[in-house]
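Spelled out, the chains give:
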Amino acid sequence: MTERLDIIIFGATGYTGKVAVEECVALAKEKGGLTWGIAGRNQGKLAEVIADVEKKTGESLKDVKIVIANVDDEKSLKDMASMCKVLVNCVGPYRHWGEQAVKACIESGTHHVDVSGEPQYMEKMQLMYHKQAEEKGVYIVSACGFDSIPAEIGSLFFSKQFDGEPNAVETYLTSSNKNRSKGAGIHYGTWESAVYGLAHANELRPLRRQLFPHRLPSMSPKLQSRGAVFRSPVGRGWCLPFLGSDLSVMRRSQHYFHEKKGQRPLQIQCYFTLPSLIAVLGVMFVASIFFVLTKFGWGRKLLLSYPKLFSFGFVSHEGPTEESRKETKFAITFVGEGWAEKKADGNQHTSAPDTRVVTKVSGFDPGYGFTTRCLLLCATTIMSEANKMPGKGGVYPPGAAFAETSLMSKLQSHGLTMEVVEKKKID
């Protein structure tokens, strides 16, 4: 029987997939001995990706295996999954195409990672396939890119700064790019996922009632939302609630830590910071139009047919240029309070929090370069450290999946900066 490849990148001809191939070349060179392949529907286009990446990197990719697989062909998916130890899935939107690959991986005994930022898909996969994946010894981990590795690993780093026990944390995401005016900021595929995700947001409540029949206990003091718009408490600018998947992913990890580890749940609120009130008003205007249009079939058709128009040039089928990507910086600041000492007899404290901690994670090219680097590091971590992951397999968010592994240190050596900004006693 032919030995399995370590990794296959599925969807290698897409925008994110191509970046993942480039990142895999660098990772394979760094690690040595990593065996990998690429997969997709079209042999010719896959060969073009190999040729383009060879030219760009100067590396020979003659030993990289090309696999033909189609989400509409169950047998091809199972054949592909059976050829590797970890499937790196870049085929979205995942609500349409993700389940087919997850199912094929479980049946083939293959681990699966992806970069989904779609809560409905992720929570549905956990509800439907956790037990099957556990029985097969397979790990299924979504949100392994910018959604939501910085938030998940950053929250673990934040919590480690307490010798005692954290109570709550607020996250503040900032992003900047000096060359944003020169082109799009995100690729159409990301936009498409957002359109369908918001259109079907009503699916989440019944899903969560089944996934988490027992709600997390109410913690005191309770972390309240700061509202719709407010000045940033950690720097210049104005803040809005962050509507990405970070909060839902982080809360899934908190459920795991509480139910399986007996830990006090960390209360979380997520915000996004913009440089001016004018920028906030602009985002709110675009978001309002987006929200309304996703509720109607004709509206979704308009959004998907004219992404540049409705995003004011921020989204395109071509995606951002490499120059623009490399100029994009991000940071997430974690601001929270807790206690210097941990209660030995339960979850609740009777005194007010006495310790304030502020930490920050930051990096470059969050949407694609950093995202695919995270994705591949998650894949290789599963291969080498499955014995440090929860149980014997299952469907997990990345915080729960990788809490006991070396992923945090790997990320720090691959471009993610983590720092303690402040740590002090509260009078």
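Residues numbered from 1 in each chain as written. Predicted model: local features only at pLDDT ≥ 70, side-chain atom pairs only at ≥ 80, totals over all residues. Heavy atoms only, no water.

**Points about the sheet that holds strand S6 (residues 139-141)**
Then step 1. Read across the open sheet, the 7 strands follow the order S3-S2-S1-S4-S5-S6-S15; overall the sheet is parallel. A single partner strand is all that each edge strand has here, and the edge strands are strand S3 (65-68) and strand S15 (394-396). When the angles between neighbouring strand axes are averaged without regard to direction, this sheet yields 20°.
Then step 2. Note that strand S1 (residues 5-10) and strand S4 (residues 84-89) share 5 bridges and pair parallel. By the bridge assignment, isoleucine 7 is partnered in S4 with valine 86.
Then step 3. Sheet strands touched by helix H2 (residues 43-57): strand S2 (36-40) and S3. Its angle to S3, the strand with the most contacts, is close to 155°.
Then step 4. Running over the sheet, helix H5 (residues 119-136) touches strand S5 (111-114), S6 and S15 and is turned about 150° from S15. (Pairing = 2+ DSSP bridges. Helix = DSSP H or I, 4+ residues; strand = E, 2+ residues; numbered from the N terminus. Axes fitted to C-alpha atoms, helices over the stretch in contact; angles between N-to-C directions. Contact = heavy atoms within 4.5 Å.)

**Brief notes about the sheet that holds strand S7 (residues 165-176)**
Then step 1. Pairing in this open sheet of 7 strands is mixed, and the strands run S9-S10-S11-S7-S13-S14-S16 from one edge to the other. Looking at the sheet topology across the chains shown, the edges are occupied by strand S9 (230-231) and strand S16 (417-425).
Then step 2. Relative to strand S13 (residues 329-339), S7 runs antiparallel, the two being bridged by 11 bridges. Counterpart to glutamate 170 in the pairing with S13 is valine 335.
Then step 3. Along the sheet face, helix H9 (residues 246-261) touches S7, strand S11 (267-274) and S13 and points at about 160° away from the line of S11.
Then step 4. On the sheet, helix H10 (residues 277-294) packs against strand S10 (238-241) and S11 and is oriented at approximately 25° with respect to S10.

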